[in-house]
Amino acid sequence: MTSTLPRRGDEVETRGERTGASLGLSSFLRGLLLGGVAAAFLGFQVGDYLSRRPVFVFDTGYGSVRVSREALESIFVGGIEAATDVVAARVRVRRKRGRMRINLWLYLEHDASVEDTVSGAVSILYSGMRDLGDTDVPPVELVIEDITRI
Amino acid sequence: MKEDFKVERAEGRAEAEGRGEVRISNDVLAVITGIAAGEIPGVTGMAGGFVENISEKLGRHDLRRGVKIEKQDDTVSVALYISVEYGCRIPEAARQLQVKVKEAVENMTDLEVTAVDVHVQEVVFPAKKRDDASGSRREGRDD
């Protein structure tokens, strides 16, 4: 019975042998892919965490009530979009050093009155804040970033 | 000895008169809290973390979702992570929730609830809720 294993000194035919360069490239691409997935996951987690941080806190006597940034933005957007002449709205809320900064983007009907709509939206923002808590509303810095007619 | 019973995985505790100890696990307190929270109008559900959301998508309904229990001796503090329906008055809903949870836990376990902290994580719009229930996000918009 003859052995099929090569002996020392035999020439061995190899097919599809990968060079050091191709090995390096594939492991680099694999690392890049895994790194990308990990970074996307981490980014998603961080974004989720930041959007759920409380920006509005009040006490009821039984414990505290903390309203997250995402919830507050949804409340504002819902209120503003319900107004006539507003097609869509985008709100960003930030809390810094006891102040609340609200950035507002408005998308209006093409024939909407800008003054009326903006004043309506601002009053909705402030009444929304007042409705949220029985305690004092923190100082608010409102920035209207953009108004677009559609 | 049947009368000298103990539940090992327990952290909450209620004394049974002279017949041993009754320990109530944090999981049980969380389930009581979760059920009580579901009875409040305006509260659409509990907001869980990343893993809890995935298991919810896979069809596992967990009543402990969005509930954190902290126990010190015979007192309990509860943290609830909820989502509410758009249009509901959050201070009122939160207060009702706090009262309901406090009553439920105290009545069922005899533990004192020191605080019920409510974290409003998200606001659900009625249309979105309806779409989610039917499994279609575009229902009603194509008309």
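As the structure is a computational prediction, the values presented were derived from the model and not from experiment.

1. As for helix α3 (residues 114-132) of chain A
Residues and elements named next belong to chain A.
Stage number 1. Between the first and last C-alpha of α3 there are 27 Å, a value that for 19 residues agrees with the 27 Å anticipated at 1.5 Å per step.
Stage number 2. Within the span of α3, buried status applies to Thr-117, Val-118, Ala-121, Leu-125, Gly-128, Met-129 and Leu-132. Seen end-on, α3 carries its buried residues on one side only, within an arc spanning 110 degrees. Away from the buried face of α3 by more than 90 degrees, exposed residues Glu-115, Asp-116 and Arg-130 are located.

2. Some points on unusual backbone geometry
Negative phi is the rule for most residues except glycine; trans is the rule for most peptide bonds.
Residue and element names in this part refer to chain B.
Stage number 1. Non-glycine residue Asp-73 carries a positive phi angle of around 55 degrees.
Stage number 2. By the element assignment, Asp-73 lies in the loop between β4 (67-72) and β5 (75-85).
Stage number 3. Phi is positive for Asp-110, close to 70 degrees, though the residue is something other than glycine.
Stage number 4. Take Asp-110: it is sitting in the loop between α3 (90-109) and β6 (112-124).
Stage number 5. Among the residues examined, Asp-110 registers a relative accessible area of 69% and is labelled exposed.

3. Remarks on the nonpolar core
Stage number 1. Grouped together as the largest cluster of nonpolar side chains are 55 residues, with contacts concentrated most on A:Val67, A:Ile80, A:Leu106, B:Val78, B:Leu80, B:Ile82 and B:Val120.
Stage number 2. The residues contacting B:Val120, other than those within four sequence positions of it, are A:Val65, A:Arg66, A:Val67, A:Ser68, A:Ala71, B:Ile82, B:Val84 and B:Ile90.

4. Observations regarding the interface of chain A and chain B
Stage number 1. Taken together, the contacts link 22 residues of chain A with 23 residues of chain B.
Stage number 2. When residues of chain A are sorted by the area they lose upon contact with chain B, A:Arg52, A:Tyr62 and A:Arg66 head the list and together hold 34% of the total.
Stage number 3. Joining chain A to chain B, the criterion identifies 12 residue pairs in polar contact (both at pLDDT 80 or more).
Stage number 4. Of all the elements in the fold, those that place two or more residues in the side of chain A that touches chain B are α1 (20-51), β2 (64-68), α2 (69-81) and α3 of chain A.
Stage number 5. Sort the elements by how many residues they give to the side of chain A that touches chain B and α2(A) lands first, with six residues.
Stage number 6. Each residue belonging to the side of chain A that touches chain B can be placed in one class, and the counts come to nine nonpolar, nine polar and four charged.
Stage number 7. Pairing geometry for β2(A) and β6(B), over three bridges, is parallel. When the sheet's bridge partners are listed, A:Arg66 is paired in β6(B) with B:His119.

5. A word on the sheet that holds strand β3 (residues 86-96) of chain A
All names here are of chain A.
Stage number 1. Pairing is mixed in the open sheet, where three strands are placed in the order β3-β4-β5. Looking at strand neighbours, the two that pair on one side only are β3 and β5 (140-149), the edges of this open sheet. On average, adjacent strands in this sheet sit at an angle of 15 degrees to one another, irrespective of strand direction.
Stage number 2. Of the strands in this sheet, β3 and β4 (99-108) are in contact with α2, which crosses β3 at around 150 degrees.

6. A few points about the environment of B:Met108
Residues and elements named next belong to chain B.
Stage number 1. Along the chain, Met-108 falls in helix α3.
Stage number 2. Residue class for Met-108 comes out exposed when judged on its relative accessible area of 59%.
Stage number 3. Spatially, the C-alpha atom of Met-108 lies 18 Å from that of Leu-80, the residues being 28 residues apart in sequence.

Each value, and the rule that gives it
Residues numbered from 1 in each chain as written. Chains lettered and ligands numbered in written order. Predicted model: local features only at pLDDT ≥ 70, side-chain atom pairs only at ≥ 80, totals over all residues. Heavy atoms only, no water. Helix = DSSP H or I, 4+ residues; strand = E, 2+ residues; numbered from the N terminus. Expected span 1.5 Å × (residues − 1). Buried < 20%, exposed > 50% of the residue type's maximum accessible area, 1.4 Å probe, protein only. Arc of directions from axis to C-beta. Core = buried A, V, L, I, M, F, W, Y, C linked by side-chain atoms within 4.5 Å. Contact = heavy atoms within 4.5 Å. Buried area = accessible area lost by both parts, 1.4 Å probe. Polar contact = N/O pair within 3.5 Å; in protein donor to acceptor, adjacent residues only side chain to side chain. Nonpolar A, V, L, I, M, F, W, Y, C, P; charged D, E, K, R; others polar. Pairing = 2+ DSSP bridges. Axes fitted to C-alpha atoms, helices over the stretch in contact; angles between N-to-C directions.

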